[in-house]
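Analysis of the macromolecular model
Below are the chains, spelled out letter by letter.
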Amino acid sequence: MSLDKGLSFTQEITVEENNTAIAHGSGKLPVFATPAMVAFMENTAVKCIENNLDKALDTVGIQIDTKHIKATKVGKKVTCTAKLTEVDGKKLTFEIEAADEDGPIGSSLHKRYVIDPIKFMERA
Ligand SMILES: CC(C)(COP(=O)(O)OP(=O)(O)OC[C@H]1O[C@@H](n2cnc3c(N)ncnc32)[C@H](O)[C@@H]1OP(=O)(O)O)[C@@H](O)C(=O)NCCC(=O)NCCS
């Protein structure tokens, strides 16, 4: 088990009332919220590496650059794929794509940092 470039993970959710822009306060329309998409993308990156990370370690998000290019209505499915594209010491880079049933809806470049959770919480 090691953190090798090329690791990939895909998962799916359905847009519901609780992940709309209205519910998140990020807009007034009943469509998939940008912060909900970002959280789903970050969660997909976490799951992409969880089986390959030393059990005593964890990762924290340090950067996410996101484009949200198309709205998705309640009831539609959103699929997200995260790929580990670079491993630079403790710094991990992911390319993440999200799509609904009609095509791409967003993308992110995301960086995570490998940490010791005990030391991290002492410093937080
Ligand atoms: C991750 C963290 C512990 C790293 O801090 P550190 O151990 O003091 O290490 P450094 O500040 O030397 O940073 C290490 C590297 O990460 C980079 N980095 C740290 N934070 C960054 C950020 N927000 N964006 C981009 N790069 C960042 C630094 O530039 C450095 O890169 P280098 O090795 O190429 O010089 C600290 O940035 C942090 O706590 N961030 C908040 C993370 C968080 O709470 N996320 C939400 C919970 S998941």
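Residues numbered from 1 in each chain as written. Predicted model: local features only at pLDDT ≥ 70, side-chain atom pairs only at ≥ 80, totals over all residues. Heavy atoms only, no water.

1. Concerning the site of the ligand
Stated precisely, the cut-off is as follows: To be near a molecule or strand, a residue needs just one of its heavy atoms within 4 Å of it. Two N or O atoms count as a polar contact when they lie within 3.5 Å, although within protein this holds only if one can serve as hydrogen donor and the other as acceptor, and sequence-adjacent residues are included solely when both atoms are side-chain atoms. Every accessible area reported is derived by Shrake-Rupley at a probe size of 1.4 Å, with residue values counting cover from the shown protein chains alone. To qualify as a helix, a DSSP run of H or I must reach at least 4 residues; to qualify as a strand, a run of E must reach at least 2; elements of each kind are numbered from the N terminus.
Around the ligand sit Val-60, Gly-61, Ile-62, Gln-63, Lys-91, Tyr-113, Phe-120 and Arg-123, and those are all the residues in its vicinity. The backbone of Gly-61 places a nitrogen or oxygen atom 3.0 Å from a nitrogen atom of the ligand. Here the ligand has 930 Å² of accessible area as a free molecule, and 43% of this is covered by the chains. When residues in the shell around the ligand are grouped by element, the largest group, four residues, is from strand β2 (residues 58–68).

2. As for the sheet that holds strand β1 (residues 8–14)
Each strand in a sheet pairs with another by means of backbone hydrogen bonds, the pair being arranged parallel or else antiparallel. Which entries qualify depends on this criterion: Only strands joined by at least two bridges in the DSSP assignment are considered to pair. The axes are straight lines fitted to the C-alpha atoms, using for helices just the contacting stretch, and the angles between their N-to-C directions are given from 0 to 180°.
Within the open sheet, the five strands sit side by side as β1-β3-β4-β5-β2. Their pairing is antiparallel. Strands with a single pairing partner mark the edges of an open sheet, and in this sheet they are β1 and β2. Strand-to-strand, the axes of this sheet are offset by a mean angle of 25 degrees, without reference to chain direction. Relative to strand β3 (residues 77–88), β1 runs antiparallel, the two being bridged by seven bridges. Note on β3: the bridge partner recorded for Ile-13 is Val-78.

That's the geometry; what it means functionally is another story.
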